[in-house]
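# Residue-level structure breakdown
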Amino acid sequence: MKKSFIYLLFVVVACSVCSCSTEELVPEVTFPSGTPDYFKKSIDFDNHAGEQVITFKSNVPWSVTVDETRDGNSWCNVSPSSGGAGVATLKISVQENTTYDDRNAVVRLNYGDSIKNIFVNQKQLDALTLTSDRFEVSVSGGEVKVEVK
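If you're wondering where the values come from, they're calculated on a predicted model, not measured in any experiment.

The rules we used
Residues numbered from 1 in each chain as written. Predicted model: local features only at pLDDT ≥ 70, side-chain atom pairs only at ≥ 80, totals over all residues. Heavy atoms only, no water. Helix = DSSP H or I, 4+ residues; strand = E, 2+ residues; numbered from the N terminus. Buried < 20%, exposed > 50% of the residue type's maximum accessible area, 1.4 Å probe, protein only. Areas by Shrake-Rupley, 256 points an atom, 1.4 Å probe, with all protein chains shown as cover. Pairing = 2+ DSSP bridges. Salt bridge = Lys/Arg side-chain N within 4 Å of Asp/Glu carboxyl O. pLDDT = per-residue confidence, 0-100. Contact = heavy atoms within 4.5 Å. Polar contact = N/O pair within 3.5 Å; in protein donor to acceptor, adjacent residues only side chain to side chain. Core = buried A, V, L, I, M, F, W, Y, C linked by side-chain atoms within 4.5 Å. Phe/Tyr/Trp six-rings, centres within 6.5 Å; stacked < 30°, edge-to-face > 60°.

### Quick notes on the overall build of the chain
For the chain, the helix and strand inventory stands at one helix and nine strands. The secondary structure elements of the chain, listed N-terminal to C-terminal, are α-β-β-β-β-β-β-β-β-β. Residue burial in the chain is summarised as follows: out of 149 residues, 22% are buried. Accessible surface for the chain amounts to roughly 10700 Å². Of this, 54% is attributable to carbon and sulfur atoms.

### Thoughts on the pairing of strand β3 (residues 50-58)
Sheet topology places strand β1 (residues 29-30) next to β3; two bridges connect them, and they run antiparallel. Bridged to Val 29 within β3 is Ser 58. Both β3 and strand β7 (residues 86-94) contribute to a ladder of nine bridges, which runs antiparallel. From the neighbouring strand, Gly 50 faces β7, where its bridge partner is Val 94.

### Focus: the sheet that holds β7
The strand order across the open sheet built from four strands is β1-β3-β7-β5, with neighbouring strands paired in antiparallel fashion. Only two strands of the sheet have a single partner each, and these edge strands are β1 and β5 (76-79).

### Let's talk about unusual backbone geometry
That bond from Ser 79 to Pro 80 is cis: its omega, -5°, falls within 30 degrees of zero. Looking at where Pro 80 falls in the secondary structure, it is placed in the loop between β5 and β6 (82-83).

### Let's talk about the pattern of salt bridges
Working definition: two side chains of opposite charge can pair if their charged atoms are close together. By the definition in use, this model includes three salt bridges. Close ionic contact of Asp 37 with Lys 40 constitutes a salt bridge, the shortest N to O distance being 4.0 Å. The exposure class of Lys 40 is exposed, given its relative accessible area of 75%.

### Quick look at the pairing of β7
Sheet topology places β5 next to β7; four bridges connect them, and they run antiparallel. Within β7, the residue paired with Cys 76 across the bridge is Val 94.

### A closer look at the confidence of the model for the chain
Interpreting fine coordinate detail is not advised for predicted regions of low pLDDT. Overall, the prediction assigns the chain a mean pLDDT of 83, with 76% of residues at 70 or greater. Least confident of the elements in the chain is helix α1 (residues 2-19), whose mean pLDDT is 60; most confident is β6, at 96.

### Observations concerning the environment of Glu 96
Within the secondary structure layout, Glu 96 lies in the loop between β7 and β8 (103-111). Leaving out residues up to four positions away in the same chain, Glu 96 has contacts with Asn 47, His 48, Ala 49, Arg 103 and Gln 122.

### So, the side chain of Ser 58
Tracing the backbone through its elements, the reader meets Ser 58 in strand β3. Within polar-contact distance, the side chain of Ser 58 engages the backbone oxygen of Val 60 at 2.7 Å. Apart from the residues lying within four places of it in its own chain, the contact partners of Ser 58 are Glu 28, Val 29, Ala 85, Gly 86 and Tyr 111.

### Observations regarding the nonpolar core
In terms of nonpolar packing, the biggest core is built from 24 residues, with Ile 54, Phe 56, Trp 62, Ile 92, Leu 109 and Val 120 touching the most fellow members. Taken together, the elements giving at least two residues each to this core come down to β2 (43-45), β3, β4 (62-68), β5, β7, β8 and β9 (114-122). Filtering out sequence-adjacent residues up to four positions away, Val 120 remains in contact with Ile 43, Phe 45, Trp 75, Cys 76, Ile 92, Val 94, Arg 103, Asn 104, Ala 105 and Val 107.

### Focus on the packing of aromatic side chains
Tallying each qualifying case throughout the model produces three aromatic pairs. Where Phe 31 meets Tyr 38, the ring centres are 5.5 Å apart and the plane angle is 75°; that geometry is what we call edge-to-face. Residue classification places Phe 31 among the buried positions, given a relative accessible area of 15%. Ring geometry for Phe 56 versus Trp 62: centroids 5.2 Å apart, planes at 75°, classification edge-to-face. Residue Phe 56 shares its accessibility class with Trp 62, and that shared class is buried.

Okay, here's the thing in structure tokens:
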């Protein structure tokens, strides 16, 4: 009887250990509230050297690479190149664009088994930029003021 009880207790413990499911951690990167979602919005620079600081939170370790889509120069740099889970700050810096062509790069954020892209654009030398890319005029007409930089 005692052996049967011990055997039954062993079976119950073994079944309870085997039946426990392990929840798989889903990799996730989020931006603080009130800041742009840089996965949906590009980062735009004029032709001067500059930098943009991005803060995000990841629940898994991450790494970042820069894939240039135009010319082979290293004009866009990101630091740091990796980090652990938690709140992180990336600094994206660009060198001055002395060419007459726009430049584009893709910052690839690898976290867990996921990859997200942040698009970085830099204007050409002597480019004209508008302060707004959309103007609304009523049906009856009106005046539109365009500020050019």
